[in-house]
Amino acid sequence: MSHLTMPHLIPTSIQPYVLPVLWGVVIVAVLPLLAGYIVLLERKVMADMQARLGPMRVGPHGLLQPIADAVKLLLKEDIIPHDADRLMFWVAPLISVTMALLAYAAMPFGPAFQIADLNVGLLFILAISSLGIYGIVLGGWASNSHYSLLGALRSAAQLVSYETAAGLGLVSALLLAGSLSMREIVQAQYDQGEWFVFSVPIGFFIYLVGSIAETNRAPFDLPEAESELVAGYMTEYSGFRWSLYFLAEYANMIIVAGIATTLFLGGWLRPFPRFNDRLPGTSVEILDALPSLVFLGVAAYCFWLAPKQPVKIQKLVMGLVGGLCVALAAALAGSLFAPDAVRLGVHGGFWFMAKVMAYLYAFLWIRFTFPRYRFDQLMRLGWRFLIPLALVNLIAVAVALVVSQEWGWHPRVTTILATLATLSVAVWLASSDEKHETAIRTADGE
Amino acid sequence: MPGNAMIAPDYYLLLSLALFTIGVIGVLTRRNVIIMLMSIELILNAVNINLMAFSRYYGTVDGQVFAIFVITDAAAEAAVGLGIILAFFRNRETVLADEMDMLKW
Amino acid sequence: MALSYILFAFFATVAVVSAILMVTRRNIVHSAVSLITTLLATAGIFLQLRGEFLFVVQIILYVGGIMVLFVFVIMLVNLDISLRSVQFNRQKWVAGVLALVLGAQVVFAVWLGSGTLRLPPRHLAVMPARNTEAVGQALFSQYILPFEIASVLLLVAMIGAVVMAKRRV
């Protein structure tokens, strides 16, 4: 960031604030659109996994569907239930959305794109996410309806339980990073030469499950599923207020994906960040050139598929997608020959977004694969499996670190041993829970 | 760095005192037991502000460590207190302090 | 005006106004939300005092933990009758006057002692740059005994709360 020079027209006293404010405006402006298109992506992926096509009518291949949805939601009648507490009814979606957007202040989207690199950045994001619970609880209470209150209380209980487990999973990666600042965590992964997911895979798994429950996604979406409790805390909300809750949910998904990417998947680092072999004769590293080549390959595939489409508009769209891939490949390749800051910025941003998209795709995939958990099963999973597993994982990783520092064993050996120990504890926990569950059922059945 | 001026500790003391007094008034004048508990939390927060201010002015972290312990105690007390309120409510259907008078003659 | 003064004035005003709102609201949920605002303003004061770790701890524990507990219990014991009954008890005037007298005494003491506080000279009173590390160091070396006692206290509180809230003991 220090390479970017400010124009001299901006007075020095406000210079440190210009870029963060700019990034803030970009995020607040882009995020609703991005959330809308992630909804479209989810519907298309769901359709693909269910052997159908998904939204196809509005715009080519349904690409204008989010715009149509947004217009519809804005024009709907604003209904407030009788006897609802008006102030809380108005404030609750506001709290959800504000907290969801506020967490982006500490999220690094690449080496050049971060609003504020706080010393306690990770804890800040966790704190703001935990404030989002109030949006749900107050919304459910203010609606003055049984379904809403029950759904809100269930959702809040679920969030609080899985927040603990997810936080403990994060701490096991923090032990390796040694700092709470998001930028320094990625730097630590660069220094150690590998992503933390390979050192603490169980921590990643715990955080994955915890983050799915944190964002109320399936299979933990009991509080808001349509076949249960109508729609939980969102039952009485319609139109624009509902779209605020929706935006908050998808913004939260991107936040947890961003945290997982920064902590476990290397942030903006490419795979094998320290493998520095260059293409013969140039100063370009092989692994940096790979993404452009992959996109060129995808573009070639799109252009080859385009003439085979049945309808003319689909040929056009396929050609456009191919063109987009070519443009992306050109941007990635072009930045390789630009000054360092630009190259790091473009490639870092690309890898970060790619990993976030992969994590979100995992969310979608899990949603359409597994059946929903019943509420008592959900709570049992959180308290009796995940939290003990997270504690054991934390202790194992801490012991592994101390042993590798004091006795000089290679860190890889100690972390693998820690992982195996935690895995055996996990298997034991899961099996003992099952025995307990069958014991309860047979006792009740008698 | 802009904005690095140190404010005199008196202001923090007065803020802490204001919150403390409001908390004391809340505990002594409200009938609802839950609001009394919330006023106690307010008193503990006033104390925390005081501790943090002096930690800053002496340049040590002892005040902050003490504040962490105060927060821990507040959590424990809130949990047990709310458990008691829930248990009482299940038995007597009231949360007003005036009506919790079964031990009187 | 220096940024510190503006931040302090803003957070202090929000804290005091929300605190007054909290003790005067008829609706308990509005009271709880006012307390949440006070706690957030207090967290802002902590941040302004360069206590970053305590800023996030206040939000995660107090606002995100304790107040969620309060809001849960409020929703479970919500009575319409308590909305319509008298909010303040019989001793409100005496209590108010006594509290204000107490406050006035402390204001007097602060005014008497203002400026006589023997602080270390400015160039020595510098907070450690990495606040979280410093707090962690102090917590695990100098204050390890209170730390262990606090963990036992939390265990006792956990057991107590579970026992108190169970339906069949």
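Just so you know, these numbers come straight off a predicted model, no measurement behind them.

J.: Hey, could you go over the overall build of chain C for me, with residue numbers and the actual values?
T.: The number of helices and strands found in chain C is seven helices and zero strands. When the helices and strands of chain C are placed in sequence order, the string is α-α-α-α-α-α-α. The C-alpha atoms of chain C give 21 Å as radius of gyration, which overshoots the globular expectation for 169 residues (15 Å, by more than 25%). In terms of its C-alpha atoms, chain C occupies a principal-axis envelope of roughly 60 × 40 × 30 Å. The buried share of chain C, reckoned over its 169 residues, is 33%. The long-range share in chain C, meaning contacts at least 24 apart out of those at least 6 apart in sequence, stands at 52%.

J.: So what's going on with the overall build of chain A? Residues and values would help.
T.: Within chain A, the secondary structure is distributed over 14 helices and zero strands. Reading chain A from its N end, one meets helices and strands in the order α-α-α-α-α-α-α-α-α-α-α-α-α-α. Against the 2.2 N^0.38 benchmark of 22 Å for 446 residues, chain A shows a C-alpha radius of gyration of 24 Å, consistent with a compact globule. Taking the principal axes of its C-alpha atoms as reference, chain A extends roughly 80 × 65 × 60 Å. Relative to its 446 residues, chain A shows a buried fraction of 38%. Within chain A, residue pairs in contact and separated by at least 24 positions form 73% of the contacts whose partners lie at least 6 positions apart.

J.: Explain helix α3 (residues 52-76) of chain C residue by residue, including any values.
T.: All names here are of chain C. The end-to-end C-alpha distance of α3, which contains 25 residues, comes to 34 Å, matching closely the 36 Å that a straight helix rising 1.5 Å per residue would cover. Along α3, the sharpest change in direction is near 30° and occurs at M67. Judged by how many residues are buried, α3 sits mostly within the fold: 21 of 25 residues are covered.

J.: Account for the packing of helix α1 (residues 3-24) of chain C against helix α2 (residues 28-48) of chain C, naming residues and giving values.
T.: Residue and element names in this part refer to chain C. At a closest axis distance of 8 Å, the pairing of α1 and α2 adopts a crossing angle of 160°. When the interaxial angle is binned, α1 and α2 end up roughly antiparallel. Where α1 crosses over α2, the two elements pack in a sense that is left-handed. For the pair α1 and α2, the contacting residues are S4, L7, F8, F11, V14, A15, S18, A19, L21 and M22 in the first and S31, S34, L35, T37, T38, A41, T42, G44, I45 and Q48 in the second.

J.: Give a description of the nonpolar core that names residues and reports values.
T.: Counting 182 residues, the largest nonpolar core has I125 of chain A, I34 of chain B together with A32, V56, M67 and F70 of chain C as the members making the most contacts within it. No other element matches α3 of chain C, which puts 17 residues into this core. Residues lining this core come from more than one domain, with at least three contributed by each of domain 1 (1-81) and domain 2 (128-169) of chain C. Leaving out residues up to four positions away in the same chain, M67 of chain C has contacts with A32, L35, I36, L39 and Y62 of chain C.

J.: Please provide a residue-by-residue account of the confidence of the model for chain A, values included.
T.: Averaged over all residues, the pLDDT of chain A equals 87, while 95% of them reach at least 70. No element of chain A has a lower mean pLDDT than helix α14 (residues 411-445) of chain A, which averages 82, and none a higher one than helix α8 (residues 201-214) of chain A, which averages 94.

J.: Tell me about helix α2 (residues 33-58) of chain B, and please be specific about residues and values.
T.: A turn of α-helix holds 3.6 residues, and therefore any two residues three or four places apart point the same way. Residue and element names in this part refer to chain B. Along its 26 residues, α2 runs 38 Å from first to last C-alpha, staying within 8% of the 38 Å computed at 1.5 Å per residue. A large share of α2 lies buried, amounting to 21 of its 26 residues. At the exit of α2 stands G59, carrying a positive phi of roughly 75°.

J.: So, the confidence of the model for chain C: which residues are in play, and what are the values?
T.: Residues and elements named next belong to chain C. Per-residue confidence for chain C averages 88 on the pLDDT scale, and 91% of its residues sit at or above 70. The spread of mean pLDDT over the elements of chain C runs between helix α4 (residues 80-84), the lowest at 70, and α2, the highest at 95. Under the prediction, the complex receives an ipTM of 0.91, its pTM being 0.91.

J.: I'd love a proper account of the interface of chain B and chain C, names of residues and values included.
T.: Counting residues at the interface gives 64 residues for chain B and 77 residues for chain C. Taken together, the elements giving at least two residues each to the side of chain B that touches chain C come down to α1 (9-29), α2 and α3 (62-92) of chain B. Residue contributions to the side of chain B that touches chain C peak at 22 residues, all from α3 of chain B. Looking at the side of chain B that touches chain C, its residues break down into 44 nonpolar, 12 polar and eight charged.

J.: Any details on the environment of G334 of chain A? Residues and values, ideally.
T.: All names here are of chain A. For G334, the location among the structural elements is in helix α11 (residues 312-336). On the basis of neighbour count, G334 is assigned to the partly exposed category, with 13 C-beta atoms found within 10 Å. As for G334 and S432, which are separated by 98 residues in sequence, their C-alpha atoms are 57 Å apart.

What counts and what doesn't
- Residues numbered from 1 in each chain as written.
- Chains lettered and ligands numbered in written order.
- Predicted model: local features only at pLDDT ≥ 70, side-chain atom pairs only at ≥ 80, totals over all residues.
- Helix = DSSP H or I, 4+ residues; strand = E, 2+ residues; numbered from the N terminus.
- Rg over C-alpha atoms; globule rule 2.2 N^0.38 Å.
- Buried ≥ 20, exposed ≤ 12 C-beta atoms within 10 Å, placed from the backbone.
- Contact = placed C-beta atoms within 7 Å.
- Expected span 1.5 Å × (residues − 1).
- Bend = angle between axes of the 7 residues up to and from the residue.
- Axes fitted to C-alpha atoms, helices over the stretch in contact; angles between N-to-C directions.
- Parallel < 35°, antiparallel > 145°, perpendicular 65-115°, else oblique.
- Left-handed = near helix turned anticlockwise from the far one by under 90°.
- Core = buried A, V, L, I, M, F, W, Y, C linked by C-beta atoms within 7 Å.
- Domains from an automatic or database assignment.
- pLDDT = per-residue confidence, 0-100.
- Nonpolar A, V, L, I, M, F, W, Y, C, P; charged D, E, K, R; others polar.

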